[in-house]
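Summary of the model geometry
Residue strings, one per chain:
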Amino acid sequence: MDAVQVAIAEQVAEQHRHHGKAQFFWVWGALLAITGIEVFLGYQNMEPVRMLTILMGLSLIKAGLIIGYFMHLKFEVSRMKWLTMCSLVFCLAMMCIFFPDAFRILHLGVK
Amino acid sequence: MADVAVEQHGVAAAYEPSLFGTYSKKIGMWLFLLSDSLTFGALLYAYSYGRISTPNWPTPFHSESIRNATLMTAFLLTSSLTMVLAVRASVFGKGKAVRGWLLATMACGTAFVILHGHEWSNLIAEGLTLPVFPAVPGHEASKEFANVSRTVPQFPATFFGLTGMHMLHVTLGVIYLGIVALRKKFIPILLGLWLVAWLATPSYSPFHYGAHVLLLAAIAASVIVFLKPKVYDSSDVEVAGLYWHFVDLVWMFIFPLVYLMSTRIL
Amino acid sequence: MASTDLVHAHAAPQGFIRKYIFSLDHKVIGLQYYFLALIAVFTGMFLSLLMRIHLIWPTAQLPLVGEIKPETYLGLLTMHGTIMVFFVLTTAPQSGFGNYFLPIQIGAPDMAFPVLNMLSFWTTFVAFVVLISAFFVGGGAPLHGWTGYAPLSALPNAGPGQQLGADLWITSIAIFCVASLMGALNFITTTLDLRAKGMTLMRMPLTVWAWFITAILGLLAFGVLLSAGILLLLDRNLGTSFYVPLVVVNGQVMGHRGGSPLLWQHLFWFFGHPEVYIAILPGMGVASQLISTFSRKPIFGYRAMVYALMAIGFMGFMVWGHHMFMSGMSPYSAFAFSLMTMAIGVPSAIKTFNWLGTIWGGKVRLYSPMLFAIGFVSLFVSGGLSGPFLAQPVLDIPLHDTYFVVGHFHLIMGVAAIFGIFAATYYWFPKMFGRKMNETLAKVHFFVTLLGTYAIFMPMHYLGMAGQTRRYSQFTEVAYQTKLIPLQTFMTYAAFVTIAVQLVFLFNLFWSMKKGEKASDNPWEATTLEWTTATPPPHDNFGGRTPVVNHGPYEYSVPGAARDYTMQTDPATAPVD
Ligand code: HEM
Ligand SMILES: [Cu+2]
């Protein structure tokens, strides 16, 4: 059991050795740049829902970069990518069902 | 692809190849992170729920707060960079470099926590506060923030709840990396940090009591390093890195939702 | 991965503490979980006995407890529900039997993370102690039921039990969440990584599939309950208002404003509905396993069973709102939830028909494990049929919060899952302790329990339809409800008998450990891996070797084979799948 684990870990390390360093710096730069854009947008006088959409879109891109490159998921086997990400996104998406009730509270006039 | 290569080592013959093609510890960490994302997800949904159902959500954050939070974000992103560099050094077996990059990561993380703690203290002094936080003596709260706390208690509640949970995660992350980098030697450092954080904060500050988290963590960490002493290898560094990046990732959602969407536009 | 890990893989630990208390062996941990659940179930049962007595004789002076006051009744109710749902139904079938048999059934020497496994047991234990301590603090046990609805649960001055007792309750739940997360990720990793050569996914026994899917549900559901609990603690102790709007308690305006009790319900049931499947799926796995083994037939529709498990797991996350039809939830969401809830009946029905199809025409051996498996199916059907009624908002409006719901979930979740535990106990006892349990006592236990269960819970449907409300401590004061007291009395007597016969089980369990008939390594002539190893299994399960799997898990009565069962490790013959 442990010999297997050591072997797989060595295999994974080997995979890491093939990635160039430069890629990480690019990703880091991109993340900083997107953060800059977000802060800039934060000061624009925009309709909140529109602003929210843009900010969340940008944050999703950032999340994608972090998960894909820093957390290395882009290079994992596709089964792992799909199963983990789909179950996560599905559960998070289901929670959007909370929102109609939040909107209703406004109209029901509960304090 | 990984499966095939493992077979070549000849040791895996007794088992079916791993379905996720990687070692167990990493799978375990990924699974933990999935569940932790739902924990944070639920908190963010609770925040959004409160925000939607509250008319006239205040937007009180001055450029001071935003500047500070942007700086914190930059620190966190940079810490992720140093973290991948640590992982990279570890797969090439460069022990010294690993330790250096891990320490750099911890430094960035600590900077994040300190900046954040500083901001909390400022906001509390200004009157953005929870009912249990004692008043800050000798400081006149600003009308604006005090008003927010009184009329929209959801605002400070979600702010302190969300960022507090995240701060806890960052703190534990720094400790985790400290153990991986320095093992036993980190325990006295951690205890020192605890004393500083405890004694250097005034008794009305939430961090005065919050600092005891460090003591608890030090106790847990000592149990781990003394009961299971081992040299941490590249897989341990990678797994610790996963946790660290995740903490960074969560902040990528908290920052725009909590700060940028509540900016006072000049 | 360093050399220290290897120690565990080889040498068995010495000394009482390392062997039985802080053991890393998944079998010992499984038994620890089982016995914790056993303590919990008898505690919970005792509480239910007190409740049943109070419903009939509200002013009776009981030995030890004295007279039960209404708030004490609510405290008993909360603790009964919490103990049963978390520390029995989640603990025994999944963490108990799953821990013991999942690694063996896939041919692994242990769980993927033995230390984490030990930690998750001891964390669960701490959670249990914290929960029980709620009885002994000032104010006593909380009143808010196992669902902990806000604002009752969020306001310390809302009732006597809502002070420290409620804080302990939430803390216990939060600790339990952490423990379950550790367990879940361990189960998943083990199944992904440690299957012996030849144990492909489609050769895993249905028990393993059930534990695996349950673990995934736990992983995704408990994290949400954890944050719900944290926010509740903040509301109670830091004065935030996530769940509490402007409310008046005893004529006094509370300091809260702006929160929403619906948020708690959403977060709770987002966890809560998957949780009910966490309780029942392992039982389904056990029933599938046993029905195939004792009918000497391959399970009917193995793949359909696997896909139905997956479908239930998946859809289980889309139906939580059916608990909230009466909460003021948006009617559009209610409509969607209603549709999804009806749809989830489909995979459940598939499983039921496949069980029946497996028994059909088999050479059925009616040993006690099989009886309990059949009992499981019976209870699952009886309880399941009321589900689609409750799933329709129009019907749910009069039925919600009545005894109808209590009947529904006790049949389908409560007692069905308990039957799963009993079936598993009678089935695996010979492997765990090397002896069989007494068959006569087991049969008495089965028939009395089955009839008693129906006698207690079937009348609840009538009570509910007649308008008898749930969570009332006393019916003597309400005119239309007093007419139903005779039926309640009948149920209480049925409960006396049913509870008494559980002592027979307890006796049988401990007596058979010492005195039971010695069992061979494979007393039931079953096929899965646990029956290929010694009894009880050695420290690393297979004595230094790793089995090689050549067959599916349910090859019974294969035409042309010498025996009527083919072990999974038997040499591969001509065409196997
Ligand atoms: C055909 C499948 C099922 C359907 C359509 C169904 C439907 C429902 C509905 C609509 C309710 C809410 C009733 C109310 O509060 O007014 C309910 C309650 C409940 N169900 Fe089911 N159910 C099904 C299967 C299950 C299963 C398999 C379990 C557990 C293993 C279960 C456990 C529960 C529990 C524990 C409650 C009550 C929780 C409480 O309020 O304390 N149900 N069910
Ligand atoms: Cu449900």
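The following refers to the structure shown. (Residues numbered from 1 in each chain as written. Chains lettered and ligands numbered in written order. Predicted model: local features only at pLDDT ≥ 70, side-chain atom pairs only at ≥ 80, totals over all residues. Heavy atoms only, no water.)

1. Topic: the overall build of chain B
Looking only at helices and strands, chain B features 10 helices and 0 strands. Summarising its shape, the C-alpha atoms of chain B cover approximately 70 × 40 × 30 Å along the three principal directions. For chain B, with 266 residues in total, the buried portion stands at 61%. Long-range contacts, defined as pairs at least 24 residues apart, comprise 77% of the intrachain contacts of chain B with a sequence gap of at least 6. With the model as given, the accessible surface of chain B reaches about 10,000 Å², and the carbon-plus-sulfur share is 69%. For chain B, the distance from the average position of its 16 positive side-chain charges to the average position of its 13 negative side-chain charges is 8 Å. (Helix = DSSP H or I, 4+ residues; strand = E, 2+ residues; numbered from the N terminus. Buried < 20%, exposed > 50% of the residue type's maximum accessible area, 1.4 Å probe, protein only. Contact = heavy atoms within 4.5 Å. Areas by Shrake-Rupley, 256 points an atom, 1.4 Å probe, with all protein chains shown as cover. Lys, Arg positive; Asp, Glu negative; His and termini not counted. Charge placed at Lys NZ, Arg CZ, Asp CG, Glu CD.)

2. Focus on the interface of chain C and chain B
On the chain B side, the residues contacting the 46 residues of chain C number 42 residues. Between chain C and chain B the total buried area reaches about 3,600 Å² when both faces are included, carbon and sulfur atoms providing 67% of it. One can count 0 salt bridges joining chain C with chain B. Where chain C packs against chain B, one counts 12 residue pairs in polar contact (both at pLDDT 80 or more). Among the elements of the structure, α1 (3-10), α7 (164-193), α8 (206-237) and α9 (261-295) of chain C are those that each provide at least two residues to the side of chain C that touches chain B. For the side of chain C that touches chain B, the element with the most residues is α8(C), which contributes 10 residues. Looking at the side of chain C that touches chain B residue by residue, the class counts come to 26 nonpolar, 15 polar and 5 charged. (Buried area = accessible area lost by both parts, 1.4 Å probe. Salt bridge = Lys/Arg side-chain N within 4 Å of Asp/Glu carboxyl O. Polar contact = N/O pair within 3.5 Å; in protein donor to acceptor, adjacent residues only side chain to side chain. Nonpolar A, V, L, I, M, F, W, Y, C, P; charged D, E, K, R; others polar.)

3. Considerations on the interface of chain A and chain B
Opposite the 65 residues of chain A that make contact, chain B presents 65 residues. Roughly 5,800 Å² is buried in total at the junction of chain A and chain B, and carbon and sulfur atoms are behind 79% of that figure. If you look at where chain A meets chain B, you find 1 salt bridge. With a shortest N-O distance of 2.8 Å, A:E76 and B:K26 are connected by a salt bridge. Applying the counting criterion to the chain A and chain B interface returns 9 residue pairs in polar contact (both at pLDDT 80 or more). Mapped by element, the contributors of at least two residues to the side of chain A that touches chain B are α1 (2-17), α2 (22-42), α3 (48-70), α4 (78-94) and α5 (99-108) of chain A. Residue classes in the side of chain A that touches chain B are distributed as 44 nonpolar, 14 polar and 7 charged.

4. Things to note about the coordination of the copper ion (ligand 2)
Note on metal geometry: ideal angles are 109.5 degrees for four donors arranged tetrahedrally and 90 or 180 degrees for six donors arranged octahedrally. Residues and elements named next belong to chain C. For the copper ion (ligand 2), the protein coordination sphere consists of H273 (ND1), H322 (NE2) and H323 (NE2), at 1.9 to 2.1 Å. Coordination of the copper ion (ligand 2) draws on donor residues from a single chain, spaced H-x48-H-H in sequence. In this structure, the copper ion (ligand 2) lies 4.5 Å away from the iron atom of ligand 1. Here H323 lies in the loop between α10 (302-315) and α11 (331-359) and H273 lies in helix α9, a separation of 50 residues in the sequence. The buried category is assigned to H273, whose relative accessible area is 5%. (Donors = N, O, S within 2.8 Å, 3.2 Å for Na, K, Ca; no water.)

5. A short note on the nonpolar core
Across soluble globular proteins, you tend to see nonpolar side chains buried next to one another. Ranked by size, the top nonpolar core spans 320 residues in total, and within it C:F86, C:Y243 and C:W428 carry the most contacts. Setting aside its immediate chain neighbours within four residues, C:F86 contacts C:T91, C:W146, C:I173, C:F176, C:F222, C:L225 and C:F271. (Core = buried A, V, L, I, M, F, W, Y, C linked by side-chain atoms within 4.5 Å.)

6. Observations regarding the packing of α8(C) against α9(C)
For any two helices packed against each other, the geometry is given by the interaxial angle and the distance between the axes. Residue and element names in this part refer to chain C. Closest axis-to-axis distance for the α8/α9 pair is 8 Å, and the angle between their directions is 160°. Between α8 and α9, the crossing angle belongs to the class labelled roughly antiparallel. Remark: the crossing between α8 and α9 carries left-handed chirality. Tallied by class, residues from the contact of α8 with α9 come to 23 nonpolar, 7 polar and 1 charged. (Axes fitted to C-alpha atoms, helices over the stretch in contact; angles between N-to-C directions. Parallel < 35°, antiparallel > 145°, perpendicular 65-115°, else oblique. Left-handed = near helix turned anticlockwise from the far one by under 90°.)

7. Quick notes on helix α6 (residues 154-182) of chain B
Residues and elements named next belong to chain B. Taking 1.5 Å of rise per residue, 29 residues should cover 42 Å, and α6 covers 41 Å from first to last C-alpha, within 8% of that figure. Most of α6 sits inside the fold, with 25 of its 29 residues counted as buried. Just downstream of α6 lies R183, where phi reads positive at about 50°. (Expected span 1.5 Å × (residues − 1).)

8. Section: the site of ligand 1
All names here are of chain C. Taken together, 22 residues sit near ligand 1, with W146, D396, H400, H408 and R470 positioned nearest. For ligand 1, an oxygen atom lies 2.5 Å from a polar atom in the side chain of D396. Between a nitrogen atom of ligand 1 and a side-chain N or O atom of H408, the distance comes to 2.9 Å. Elements with a minimum of two residues in the shell around ligand 1: α9, α11, α12 (368-390) and α14 (403-433). Broken down by element, the residue count for the shell around ligand 1 peaks at 5 residues, all from α14. For the shell around ligand 1, the class distribution of residues is 13 nonpolar, 7 polar and 2 charged. (Near = heavy atom within 4 Å.)

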